[in-house]
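If you want the building blocks of each chain, they are given just below.
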Amino acid sequence: MQYVSTRGEAPVLGFSDAVLAGLARDGGLYVPREWPQFSASEIRAMRGLAYPDLAIRVLSPFLGGEIAQPVFERLVRQAYSTFRHDAVCPLVQTAKNTFILELFHGPTLAFKDVAMQLLARLMDHVLAERGQHATIVGATSGDTGGAAIDAFGGRNRTDIFIFFPHGKVSPVQQRQMTTSRATNVHALAIEGNFDDCQGLVKDMFNDHGFRDRVSLSGVNSINWARIMAQIVYYFSSALSLGAPDRPISFTVPTGNFGDIFAGYAAKKMGLPIERLVIATNDNDILARTLSTGEYRTKGVFATTSPSMDIQVSSNFERLLFEASGRNAETVRRYMNGLKQSGAFTIEADELARIRAEFDAGRATVGNVTSTIRATFEASNYLLDPHTAAAVRVAAAHASDTVPMVVLGTAHPAKFPAAVEAASGVFPALPAWLGGLMTAEEKYSVLPSDLKMVEDYVSRRARAAR
Ligand SMILES: Cc1ncc(COP(=O)(O)O)c(C=O)c1O
Ligand SMILES: N[C@@H](CCOP(=O)(O)O)C(=O)O
């Protein structure tokens, strides 16, 4: 399997190089040259597999034979042994024909663990085989950072630098990033918002001198392996509900468009997905884009679902590549428009192709509060605010015949203030995270300034030459 950049001007890479590269050298995102295909009978044969076995079956075609099969199987099993639910990603029914796919049973209580636990092991393996070290950077609006620090902390082939928006993540999220004792972990509070943090990461990748000097690698969903690992739970949940003999729809709380793009990939691979519904909070750029065809950034609002407070949705670029018939020139034109004027307009035929697969809707802060309350009253189930945004949007797309799976992306205990205000119930952290809120914090505060951040990283990265 080979990987091509959405902007068409970077080297074509094999799996291991694509994983280490993070962002392509032309500023684009790597995607597989073609989508692996599973027939209905092959999907039917996946029924009943344990989650790690399913992951091995679904993901192996992406590796192109670059990682020995027994090694890959060991890494997958180790990754999912860190989860505290036997099913890894269980499915829970909350209303007629509506299910929550609980993706928060990993070490940091968010869906990011599903991919990050595997990515860290894959990267470690590739680096060890090559005798190399890497400097990892990651931007976070709250969850990616904690998951990455848990997965990479203490690994001796990588130093990891996580940029989070100062004062704009929940206290639990912040402490998951700032209380690590591992010496290869560096948490940086950036004076800005998530888009500033993500902009810094992309600018560091596009500064080729710096990138090569520190052997830069990335763990955001710009890294193909993140999306790849997230494909598996679309299969696991759809299989439980009758796929491939029954179509399933999904509603996904969306920010950087990585999680829902994994659903699109699953559909391309043969899973019978009826609709993919994008759920946004008040930062509704994707819902506006689907309705008007114009992608136009405006200010970021702070909401009760901070991990979705995003304007520049990285993985939308992967969808534009697909919708344009894999036309890298079109993608470059759109991305130049975004860089120069903060906007671009999608061609009519491409918009029609996107609308043929996706719906979108927005949940305001008020909608999120009322949805947490109503769901708790009706089914005694506590939603986190991100999942609640999706439950609210999903209701507008419910069908009597096609089951709707809502991706439950975080545990309510990560956002106790919003959950308690809405439901009257304080969601306690699991006992095994008991010491988190009293552990000593360690982080640096930096302005959103590329030069200063690069200097900070260069001085501390062991891979720096
Ligand atoms: C809890 C939670 N829900 C939803 C999202 C949005 O996911 P994505 O950025 O893949 O669209 C995030 C952040 O990525 C998150 O942390
Ligand atoms: N919501 C994310 C933002 C980064 O997204 P990623 O999936 O590209 O890593 C977060 O919680 O950090």
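This is a predicted model, so every value here is computed, not measured. (Residues numbered from 1 in each chain as written. Chains lettered and ligands numbered in written order. Predicted model: local features only at pLDDT ≥ 70, side-chain atom pairs only at ≥ 80, totals over all residues. Heavy atoms only, no water.)

1. As for the sheet that holds strand β15 (residues 444–447)
Line of reasoning, step 1. Reading across from one edge, β8-β5-β6-β7-β15 is the order of the 5 strands in this open sheet, with parallel pairing throughout. In the strand order of this sheet, the two ends are held by β8 (216–218) and β15, each with one partner. Neighbour-to-neighbour, the strand axes of this sheet turn through a mean angle of 30°, independent of strand direction.
Line of reasoning, step 2. With 6 bridges connecting them, strand β6 (residues 158–165) and strand β7 (residues 185–191) associate as parallel partners. (Pairing = 2+ DSSP bridges. Helix = DSSP H or I, 4+ residues; strand = E, 2+ residues; numbered from the N terminus. Axes fitted to C-alpha atoms, helices over the stretch in contact; angles between N-to-C directions.)

2. Quick look at the site of ligand 1
Line of reasoning, step 1. Ligand 1 sits among 15 residues. The nearest are K112, D143, G255, N256 and T409.
Line of reasoning, step 2. A distance of 2.3 Å is found between an oxygen atom of ligand 1 and a side-chain nitrogen or oxygen belonging to K112.
Line of reasoning, step 3. N256 places a main-chain nitrogen or oxygen 2.7 Å from an oxygen atom of ligand 1.
Line of reasoning, step 4. Split into classes, the residues belonging to the shell around ligand 1 amount to 5 nonpolar, 7 polar and 3 charged. (Near = heavy atom within 4 Å. Polar contact = N/O pair within 3.5 Å; in protein donor to acceptor, adjacent residues only side chain to side chain. Nonpolar A, V, L, I, M, F, W, Y, C, P; charged D, E, K, R; others polar.)

3. Some details on the UniProt feature "domain: Threonine synthase N-terminal" (unreviewed entry) in the chain
Line of reasoning, step 1. UniProt tags residues 2–80 as "domain: Threonine synthase N-terminal" (unreviewed entry).
Line of reasoning, step 2. Taken end to end, residues 2–80 is 47% helix and 8% strand, and its first and last C-alpha atoms sit 26 Å apart. (UniProt positions renumbered as here; feature names shortened; annotations may be inferred.)

4. Description of the side chain of T140
Line of reasoning, step 1. Mapped onto the secondary structure, T140 falls in the loop between β5 (134–139) and α6 (143–152).
Line of reasoning, step 2. Looking at T140, the relative accessible area reads 1%, which means it is buried.
Line of reasoning, step 3. Polar side-chain contacts of T140 include one of 3.3 Å to the backbone nitrogen of D143.
Line of reasoning, step 4. There is a polar contact of 3.3 Å between the side chain of T140 and the backbone nitrogen of T144. (Buried < 20%, exposed > 50% of the residue type's maximum accessible area, 1.4 Å probe, protein only.)

5. So, the pattern of salt bridges
Line of reasoning, step 1. Per the stated rule, a full pass over the model turns up 22 salt bridges.
Line of reasoning, step 2. With a shortest N-O distance of 2.9 Å, D212 and R25 are connected by a salt bridge. Highlighted residues: D212 in helix α9 (residues 208–214) and R25 in the loop between α1 (15–21) and β2 (30–32), separated in sequence by 187 residues.
Line of reasoning, step 3. D212 sits in the partly exposed class, given a relative accessible area of 35%. (Salt bridge = Lys/Arg side-chain N within 4 Å of Asp/Glu carboxyl O.)

6. Overview of the UniProt feature "domain: Tryptophan synthase beta chain-like PALP" (unreviewed entry) in the chain
Line of reasoning, step 1. Following the UniProt record, the feature "domain: Tryptophan synthase beta chain-like PALP" (unreviewed entry) maps to residues 101–331 here.
Line of reasoning, step 2. As annotated, residues 101–331 has a helix share of 45% and a strand share of 19%, and its two end C-alpha atoms lie 32 Å apart.

7. Some remarks on the site of ligand 2
Line of reasoning, step 1. Contacts to ligand 2 come from 13 residues, most closely from T140, D143, T144, N220 and S221.
Line of reasoning, step 2. Here an oxygen atom of ligand 2 and a side-chain polar atom of S221 are 2.5 Å apart.
Line of reasoning, step 3. Computed on the free molecule, ligand 2 has an accessible area of 340 Å², of which 95% lies beneath the protein chains in the complex.
Line of reasoning, step 4. Mapping ligand 2 onto the cavity grids shows that it belongs to the largest cavity.
Line of reasoning, step 5. A breakdown of the residues in the shell around ligand 2 according to their chemical character gives 2 nonpolar, 8 polar and 3 charged. (Areas by Shrake-Rupley, 256 points an atom, 1.4 Å probe, with all protein chains shown as cover. 1 Å grid on protein atoms, 1.4 Å probe; cavity = no way out; pocket = protein on both sides within 12 Å on 5 of 7 lines; lining within 4 Å. Sits in = over half its atoms within 2 Å of the grid points.)

8. Digging into the packing of aromatic side chains
Line of reasoning, step 1. Within the structure shown, the criterion is met by 19 aromatic pairs.
Line of reasoning, step 2. Judged by centre distance (6.5 Å) and plane angle (85°), the rings of F161 and Y456 are edge-to-face. Here F161 is found in strand β6, whereas its partner Y456 is found in helix α19 (residues 450–460), with 295 residues between them in sequence.
Line of reasoning, step 3. Of the residues examined, Y456 reaches a relative accessible area of 9% and is grouped as buried.
Line of reasoning, step 4. R84 extends its terminal NZ or CZ atom over the ring of W432, reaching a point 3.7 Å from the ring centre.
Line of reasoning, step 5. Between R460 and the ring centre of Y456, over which it is positioned, the NZ or CZ distance is 3.6 Å. (Phe/Tyr/Trp six-rings, centres within 6.5 Å; stacked < 30°, edge-to-face > 60°. Lys NZ or Arg CZ within 6 Å of the ring centre and 35° of its normal.)

9. Some details on empty space enclosed by the protein
Empty space left among the atoms is revealed by rolling a probe the size of a water molecule over them.
Line of reasoning, step 1. Per the counting criterion, the structure on display carries 2 cavities of 30 Å³ or more.
Line of reasoning, step 2. A volume near 300 Å³ is recorded for the largest cavity.
Line of reasoning, step 3. Contributing to the lining of the largest cavity are 27 residues, with F111, K112, G255, N256 and S307 lying nearest its centre.
Line of reasoning, step 4. Put simply, the parts of the chain that give the lining of the largest cavity at least two residues each are α6, α10 (224–240), β9 (248–253) and α11 (258–268).
Line of reasoning, step 5. The element best represented in the lining of the largest cavity is α11, accounting for 3 residues.
Line of reasoning, step 6. Partitioning the lining of the largest cavity into residue classes produces 10 nonpolar, 13 polar and 4 charged.
Line of reasoning, step 7. Roughly 30 Å³ of volume is contained in the second largest cavity.
Line of reasoning, step 8. In this structure, the second largest cavity is lined by T254, G255, T280, N283, I285, L286, M308 and I310.
Line of reasoning, step 9. Broken down by class, the residue content of the lining of the second largest cavity amounts to 4 nonpolar, 4 polar and no charged. (Points joined across faces, edges and corners; volume = space filled by probe spheres on them.)

10. Things to note about the pairing of strand β14 (residues 404–408)
Line of reasoning, step 1. Most of β14 sits inside the fold, with 5 of its 5 residues counted as buried.
Line of reasoning, step 2. Going residue by residue along β14, you find M404, V406 and G408 tucked away on one face and V405 and L407 tucked away on the opposite face as well.
Line of reasoning, step 3. Of the strand pairs in this sheet, strand β4 (residues 98–102) and β14 are connected by 5 bridges, and their pairing is parallel. Bridging from a neighbouring strand, T98 pairs with M404 of β14.
Line of reasoning, step 4. Both β9 and β14 contribute to a ladder of 3 bridges, which runs parallel. Bridge pairing links S249 to M404 in β14.

11. Regarding the layout of surface pockets
Line of reasoning, step 1. A volume near 730 Å³ is recorded for the largest pocket.
Line of reasoning, step 2. In terms of lining residues, the largest pocket is bounded by 27 residues, among which R7, K202, V312, L338 and K339 are the most central.
Line of reasoning, step 3. Secondary structure elements with two or more residues in the lining of the largest pocket: α8 (194–206), α13 (316–323) and α14 (328–341).
Line of reasoning, step 4. Looking at which element gives the most residues to the lining of the largest pocket, the answer is α8, with 6 residues.
Line of reasoning, step 5. Counted by class, the lining of the largest pocket contains 8 nonpolar, 10 polar and 9 charged residues.
Line of reasoning, step 6. Mapped onto the lining of the second largest pocket, the elements with two or more residues apiece are α1, α5 (112–130), α9 and β8.

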